[in-house]
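Secondary and tertiary structure notes
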Amino acid sequence: MQQVRGTTKILGVMGSPVTHSLSPVMHNAAIAALGVDYIYVPLPVAIADLATAVNGLKAIEAVQGFNLTIPHKQEIIPWLDEISDTARAIGAVNTVKREGDRWIGTNTDIAGFLVPLLKLERNWQNTEALVLGCGGAAKAVVAACAQLGCAVVHVVGRDRAKLECFQQEISTHLNIDLRARDWSDSIDLLGIAGIVINTTPIGMASNPDTPISSTQMQLIPPGAIAYDLVYTPRPTQFLRLAAARGLATIDGLEMLLHQGAIALEFWLGWQAPIEVMHQALLDAIGLK
Ligand code: NAP
């Protein structure tokens, strides 16, 4: 643990709950490696206290910024002085930075999700994406697919009303061919998908299942990509089945790592020590 002095600046993660967050471990490892005079702390804040907390933190000059996690990514927006176009497009902020007495919000989930994909050579203009789930993370994923230039993005969900709401919100801000379908239609879409992304919690240690069965996996074209936002266990059953099918696989730790690295760079203006942050995450989840 770095030494906390009278000059130390504060970063943190605001959510409810935040006890499970890996961000303090990842960011404090980076802060120690960079040797900068910062500390990153958990900031548990209930929904009803969000405005009080955000305004209160503004009065504490040592607080230079913070991340947002569930349930504050959308609710924070009215309490910020400015938000980036990316954050506005998906109606969610995950990173806030102090500029004088102003809070500036942005969203690093989209860029973080994209980092491992941009390392692959693909013709995204010919790629149809299949996004499983239509919650908060799915919005960042769809925005990322729009940035990649995917030909079509199919989103499947189990709740028709939520799907329609999702489609309406995204279509207002993003120029993308987005097709929202019932979850049961995903079987018809597997055969044309160039990338399948799980944005549901299915597969987490507490929910050890797979959104795509072994039989359904055989319908996905060889050469496609399977991307799971879930990062524990590693690999998830979805990615295990995808690898057995011969698909390229990417797990959620990549997105977690890179959204954090981009947030750190936004706050400090320094290049993030990616390897140090990666190792801190692996240590924290018990994988060396
Ligand atoms: P969320 O807003 O609650 O959305 C979850 C979505 O999954 C909803 O559309 C939900 O549908 C759907 N879903 C849940 N269980 C389902 C089931 N059994 N069958 C079909 N659909 C189901 O959550 P989120 O914030 O988007 O997070 C989703 C997952 O992504 C979590 O596991 C989270 O840890 C992970 N995540 C990872 C990263 C990363 O950096 N790797 C970043 C963000 C999120 P209903 O609305 O009908 O329940």
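Look a little higher up for the structure.
Residues numbered from 1 in each chain as written. Predicted model: local features only at pLDDT ≥ 70, side-chain atom pairs only at ≥ 80, totals over all residues. Heavy atoms only, no water.

Examining the environment of T172
Within the element layout of this structure, T172 appears in helix α6 (residues 160-173). C-alpha separation for the pair T172 and I90, spaced 82 residues apart in sequence, amounts to 9.6 Å. Of the polar contacts made by the side chain of T172, one reaches the backbone oxygen of Q168; its length is 2.6 Å. (Helix = DSSP H or I, 4+ residues; strand = E, 2+ residues; numbered from the N terminus. Polar contact = N/O pair within 3.5 Å; in protein donor to acceptor, adjacent residues only side chain to side chain.)

Observations regarding the pairing of strand β2 (residues 38-44)
Where strand β1 (residues 9-15) meets β2, seven bridges bridge the pair, whose relative direction is parallel. Each residue of the ladder has a partner; that of V13, found in β2, is P42. Chirality of the crossover, the property in question, places the unit of β1, helix α1 (residues 23-34) and β2 among those that are right-handed. (Pairing = 2+ DSSP bridges. Right-handed = clockwise from strand over helix to strand, strands pointing away.)

Examining the sheet that holds strand β7 (residues 128-132)
Spatially, six strands are ordered β9-β8-β7-β10-β11-β12 in an open sheet, and the strand pairing comes out parallel. Edge strands, defined here as strands with exactly one partner in the open sheet, are β9 (178-182) and β12 (248-250). For this sheet the average axis-to-axis angle between neighbouring strands, irrespective of direction, equals 20 degrees. On top of the sheet, α6 reaches β8 (152-157) and β9; it is set at about 175 degrees to β9, its chief contact. With respect to the sheet, helix α9 (residues 237-245) is in contact with β10 (195-198), β11 (225-228) and β12, its orientation differing from that of β11 by roughly 165 degrees. (Axes fitted to C-alpha atoms, helices over the stretch in contact; angles between N-to-C directions. Contact = heavy atoms within 4.5 Å.)

So, the pattern of salt bridges
Following the criterion strictly, the structure yields eleven salt bridges and no others. We note a salt bridge from E169 to K139, for which the minimum N-O separation is 2.5 Å. You can see E169 sitting in helix α6 and its partner K139 sitting in helix α5 (residues 136-148), a full 30 residues away along the chain. A relative accessible area of 36% places E169 in the partly exposed class. Put simply, D182 and R160 hold a salt bridge, and the shortest N to O gap is 3.3 Å. With D182 in strand β9 and R160 in helix α6, the pair connects residues that are 22 residues apart, well separated along the chain. Here D182 falls in the partly exposed class, since its relative accessible area comes to 31%. On the basis of relative accessibility, which here comes to 37%, the residue R160 falls in the partly exposed class. (Salt bridge = Lys/Arg side-chain N within 4 Å of Asp/Glu carboxyl O. Buried < 20%, exposed > 50% of the residue type's maximum accessible area, 1.4 Å probe, protein only.)

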